[in-house]
Each structure stands twice: as structure tokens, then as C-alpha cells.
Amino acid sequence: LYFIDLENALSGALLPTAEEPLIFNNRRITPLIPLDSIVLDYFTPEELVSKLKFQPIRTREGIKIRLIFNLPLSRTKLEQSAKTFRIYQDYDLKEENSLGDQLPVLQMWPNFQADGWKEYYAFYYDAELGEATFNVNFPQSQIVRKFKEDLGNYQIVRLETFPKYISCLNAEEQSLGLILLKSPETIQLSEIWKVGVDFNKSFTNVYVERKRKEIPVPLNINEDLQLQVTNSNNLTRIGVLFENFIPEEFIPHNKPLPLASILTTRGSNSLNNPLLPILDGRIYIPNIRWFKPRESWVKTDLDWSQEKQPFTILFLKHLVLHICALAAKNAVHQIQWLVSYPSSFSKRDILHYTKVWQDLLHELQSTTGINQISPSIESKTLRDESLAVAQYFADFEKRDLVYTTCIYLLDNTSEISIWDRNQQIYQCTVPLGIKDLLHQFLAIKPQVIAEYFDINLTDWRNLRDEEFNAKLDMWLRLESENWLENRRELMEENEDFQGLIQLTAIGLAGLYYYIGILLKVLYQQGKYTRQQITPVYLAGSGSKIIKWLEKRGQFDQHSEINELLSRMLSAGSGFEDTQQLTRLSSRLGDEVACGLLLNHAKLQELSQNNRDCFIAGEDFQVNGKLIKGESCVKLEENIDTVNISKLVEVPKFLYEFHKVLKELEIEEIAPLKGYTRSIEQNKNKKLWEDTTRELENLERVVLEQGRLEPPFILGIKALLRVLSRRWEDRENN
């Protein structure tokens, strides 16, 4: 009889009753069940344990433990009732049979049964106890992944049915006894869900419509699906589940969504083909303190490049499986999936993305018992992000789209869509995102992070761009709201911090100036019928940056930046400044996932064929052909040369920016030191020489990557790089 030197050591197990506590060396113990697993061919765990009883027996040699098995016999025709055959075995409690008082981590996921559900996973970690604890074997396992890290032994197992028991083994693989598992609840599937999934390379969000026409809500991803078998050490268990399995709780607890789009392949063999969810890769929920994006098993910035596509698909497979498990726990038998895609996707990209979703849902159809209705363009269950954002503002926030611009601000891009009477008249994706408006400045001067955010830079040093951005995204996701509320105002008098805010304000104002240019060109083309600027609705987690520009750490209709941005729209368009407000979404980062499930306002989006209008904002030459900045053109597919001979609108923008700072007496944002407020470039000759040089470098990068950015936006990015280096040099000197 093997036993654990702890009382109630197996919280997720069934144990026979005992007439009195089982004690060894004056300590209560938890025994393993010393039976052959063959008996479980005839009984459920609950039936079996009801027929077992432990009984302490006092003998001359000391206390023994008797295990009594009341075995029912089949009734014969001559007998009126079944008989019970009582058998028992007496055991000595021996020191060598003690398994100690330290426990391995042992978990089952998910902890339910449902008709057709065939996706079960078990996790074991020996907590580096080695031979001081027991190993395990799971009956009827389909796939087993065993691996070792440092002194720890791990095991992840996939099964098609919830196991009745776990076999405990010693180092020589000899049986030590059984752990009988509680049979989980059996759920009858009858409900229908609609699920909206917004996946992008940085964050992923999920909303659910649980009843027809019910207001969509965030998926309750923290609903408990795990069975904790052993009472393992809390800190050990929490940490190892985050790193190697599925967390018991996604963080932060009060708002776990959106999830970081990060995958961990820890413990997987890269030769495994195909890569399987949970076994080979899992959604990774990083803790700021533990997150080390340089580790080889951490996959960030998930996209559809050939190198990363297998990991992107693996992330989606685990995500969808987890959603299905939560749905089954809530008795769902059918899921209608609605999925977003980037507005920049080509027709080929959309077809590929559709097939990815159809394939992974087809796989789950046979293993979850849930009817999976795949998204498709035809049923409008596959929508671009800009449409979902507009739908969110129209239906959820009850904002009109009479004449409106929506900006969906992401890490690398801003999705811009312009609406007139609920019709989308223009849509474009510009490569200016939060990485350009904030991340790049902090990357060149990480000591700012240490000083202003109270962060130890030990784990930040030597991070590559992608890794640094992932780490900073985590801080912004988990800590920035608290920082804005409690620390932002303290930075107001710091000249170094003012330089950071100045750079961010110039970048955001440049984006608004470009939207002004779009409105002007669309008006000239007859596509926009109003000679006036529009209100702007800001969405996306990156839009939180606008709060940084207020010393209160908040943004509302009274914020100074509102006046500045309205004037930038006016300056770019040449239309009168009607003091249009910027409205910040009340659910930053949730807009797309929520908007996918809304369809009350009838919005008419542009067809793919009408999205080829390229508005440069600056005159330039492509393949030797002059393209005017205020024209709306369809570009050639093959671009060999790009040349922006001279920036005109970018210098004009910077002049207008400083003019507005003075005229409106804006206090939150300081003017550039050394800048002469003048439309003439020779007044700031060195600045524009440096910007032109940086612009040529960016032109080369654009050609190498085979994409074309609006030259005005390219000019703004070049200007920001020059100004950021000046900010860095000034403070370093």
C-alpha cells in the first residue's frame, strides 16, 4: 500500500470511506488504491469507491490497514436478490512505501462530458521531485508528449474519453496503485451561440451572442474547465500551467480579453507533423515578470508569412478548441462563427484565410460534437475590420455615420474608413501605428521605461524589434491604465517626457492631416459631397495613446488635443474648421469582435473592386511616371522605382501644427526646440535635409518589401525618426 504523507492530497480523486483517519507516524495520510485497473471494466469510479472501505486494524505488530471490497455477485434465476462477496487485504504501513509530502502537478482539461466530445488533455509535472514522487500513466491515451527541462519531467496526453483512473508508477514503471477520478458532469447540448473572433498579429478578442438578438458580451474565458487532481503547491502549479499547459485563470482577472497573440511551443518537437494544439503549441498568457520573448519557444507577431503561418494556424486551433470547450460547458450544440480580416487583405488573402478557418472548424466538427458553421464572404460572416468597427460605433455606441471618419489604430497600421450617409466612400490602410507613435521612441531610449514606468530593464536589454514590441505591448495591456490614472500627471514638468509626448502628438496630428488630404481629394473626385471635415471615431487598443497627450491621463470632449486634431483635419483638407470632435471608443480593443455580431444599422461597404484608389498626399514618381499628391489613382502592380523628389505637404503640416499650438495656446504639447515657424523650408534647412535623407532610406526599404506607402505617410515617418534621434541626442548630451 503506497501512500502520500498528507491528508486530502488528491483533491480531484475519489477515495474509499474510512472508519477513522488513516495515520502514519502521527500524520494523516492519503492512500493510493491498491487494485488492478481491470475492475474498472465493470464499475464506474463512483460505483467502485462505494464498494471499498479502509479500516485501521490494531495488531500485536502495530497498526495495519485493511482494504475491504464488497464485491456484488450476479443474481441467479433461483435467487431473489444479488449477494455480496466480501474480500479484503491487510497492509502494513511502511516507511519505504511513503511517497512523501510533496506532490506533482496533475491536471485534466476539460472537466466535463458531452455527447461527441473527444478532446481531453492531461498534464503532469513532477515538480523536480524525481524519485521522491510518483510518475503517471493515463489509460487509453491517444498521443503522449513527454519532455524534460532542467530537473523537471513533464507529460501532456491527449485522450478521446475522460479517464476513469490514473495509474501511478515508480521510476521502474512498476505500479504503485490507482487514482480514481471523479466522473465529470455530463452536459446535454442544446444551445446556439454566435461567436465573433477578431484575430490580428498582436491581440485577439472574442465576443459571444448567447441568445438570439442578445447584446454581445466578451467571452467568459475564465470559466473553470480544469480538474485539479493533486493538491500541488499553488505557486508551482500556477507557474507551470502558464508556461507549459493551460492556465487555470487568464490574466488580468477583471479583463482577460483581448489575449496577446502569442504562442508557446515549449516541450514540442519541431519535427512533429502536423503540429497539434495543446500538445505542440498553446496560447501563451505572459506575465510581465516572467515574459521572455527571446526564448526560442515563444512565437510573437503572428502573421501569414511562410515562416510563421504554421504557428499562426496552431494558435487559432487552440483558440477555437478552447472556445468550443467553453461553449460545450454552456450546453452549446451549434456555433456560428463570424471572423474579421485586415482591410488590407487582397482577394487571394481572403480566400486563403477563409480556407484556414473552414479546415480547422471541419477538424473540430468530428471531435467536439458541436455543429460548426464556418464563416464565409457570401453569408457576410467574414468581414473586414473597418466594416466591423463602423458597425460597432453605429449599433453599440449609437453614433451616426452621416459623415464620419473611423480610425482603427493597430500596432503597425491605421485602418481608415470614411462614411457618408451609412455608405463607405473610402477605405485605406496606412502603415502608421502605435509602434510608430510610441514604441520606436521608447526603443531608442529604454532608460525612459525604467524611469517613468518603474521597470527593471534587465529583461529588456538586447531585445530585437519584434521582441521589444511584444514586451512593451504586455506592459501597456496590463499596466497603462493604472499608470495613466496615478502617474501620468507627475510627469508633466519633466522635459524629457515632454519630448516623448511631443513626438507622439506630431505623429497623431500627421495622421489627421493626411485624413484631411483624403477628404479634399474625395471631394474633388465627387466621391465626397460635403465641403467640410468630419467627426472622427477612434478605435483599437492603440488609440489609448491619445490619453497620454492629456496630463490627466484621460480624453474627452474638453481635451485640448481635440481642438488640435480638428484643426489638422481642416489644414489638410483646406475646409473650414468646424471644431469636429474625436470620439474615443468606450471599449478599446473590443470594437471588431463586438461589431462582428451586430447588424442593426444597414451599412454599405465598398466592394473590393472600388478599393484601388491610392491617394499619395505628396507628388512622387513611380516607375518614372509622375503621380500627383492630390490625385486618386490605381497603381501599377509591378513597382521597380519610387522617387519623392521633394516633400511639400509634410513641411506645410509641421508649420500648421506649430501655428495651431500658438493660436490655440495649447499647454499640453510644447513646440519643437530650434524650429522656426515658417512655411519656407530654408528656415529649417538642416531638419528638412535630414528628413529627406531618411526618406530616401525608407524608399529603399519600401521597394525591398514590395509594398508602396502613401508618400505623405512615408514623409511623416521619416520626420519622426529624425526628431526622435534629436530627442535622444539632446537628452543624452
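See the structure shown above.
Residues numbered from 1 in each chain as written. Predicted model: local features only at pLDDT ≥ 70, side-chain atom pairs only at ≥ 80, totals over all residues. Heavy atoms only, no water.

(A) Quick look at the overall build of the protein chain. In terms of regular secondary structure, the protein chain is built from 15 helices and 37 strands. Dimensions of the protein chain, computed from the C-alpha atoms along their principal axes, are close to 105 × 60 × 45 Å. Relative to its 733 residues, the protein chain shows a buried fraction of 57%. A sequence separation of at least 24 residues applies to 70% of the contacts in the protein chain between residues at least 6 apart. Surface exposure of the protein chain reaches about 32,600 Å², of which carbon and sulfur atoms provide 44%. Seen as two clouds, the 85 positive and the 101 negative side-chain charges of the protein chain have centres 3 Å apart. (Helix = DSSP H or I, 4+ residues; strand = E, 2+ residues; numbered from the N terminus. Buried < 20%, exposed > 50% of the residue type's maximum accessible area, 1.4 Å probe, protein only. Contact = heavy atoms within 4.5 Å. Areas by Shrake-Rupley, 256 points an atom, 1.4 Å probe, with all protein chains shown as cover. Lys, Arg positive; Asp, Glu negative; His and termini not counted. Charge placed at Lys NZ, Arg CZ, Asp CG, Glu CD.)

(B) Fine view of the state of the cysteines. For the structure shown, the criterion picks out one disulfide. Residue pairing for C613: its cysteine sulfur links by disulfide to C632, the two sulfurs lying 1.2 Å apart. On the S-S bond that ties C613 to C632, the torsion sits near -125 degrees, and the link is left-handed. Of this pair, C613 sits in the loop between α12 (591-595) and β35 (620-622) while C632 sits in the loop between β36 (625-627) and β37 (642-643), placing them 19 residues apart in sequence. For C632, a relative accessible area of 18% translates into the label buried. (Disulfide = S-S within 2.5 Å.)

(C) Fine view of the packing of aromatic side chains. Under the counting rule described, the total for this entry stands at 35 aromatic pairs. Ring centres of W460 and F468 lie 5.6 Å apart, and the angle between their planes is 75 degrees; on these two criteria the pair is classed as edge-to-face. For the pair W460 and F468, one class covers both residues: buried. A network of ring pairs unites the aromatic residues F199, W304, F315, W337, Y341, F345, Y353 and W357 as a single cluster. In this structure, R66 packs its charged tip against the face of Y88, placed 4.0 Å from the ring centre. The cationic tip of K445 hangs over the ring face of W727; the distance from NZ or CZ to the ring centre is 4.6 Å. (Phe/Tyr/Trp six-rings, centres within 6.5 Å; stacked < 30°, edge-to-face > 60°. Lys NZ or Arg CZ within 6 Å of the ring centre and 35° of its normal.)

(D) Geometry of the packing of helix α9 (residues 495-524) against helix α11 (residues 560-573). At a minimum axis distance of 7 Å, the contact between α9 and α11 shows a crossing angle of 40 degrees. Regarding the angle of α9 to α11, the classification is oblique. As α9 packs across α11, the resulting crossing turns out to be right-handed. Taken together, the residues of α11 that come into contact with α9 (itself represented by L508, A509, Y512, Y513, I515, G516, I517, L519 and K520) are L565, M568, L569, A571, G572 and S573. (Axes fitted to C-alpha atoms, helices over the stretch in contact; angles between N-to-C directions. Parallel < 35°, antiparallel > 145°, perpendicular 65-115°, else oblique. Left-handed = near helix turned anticlockwise from the far one by under 90°.)

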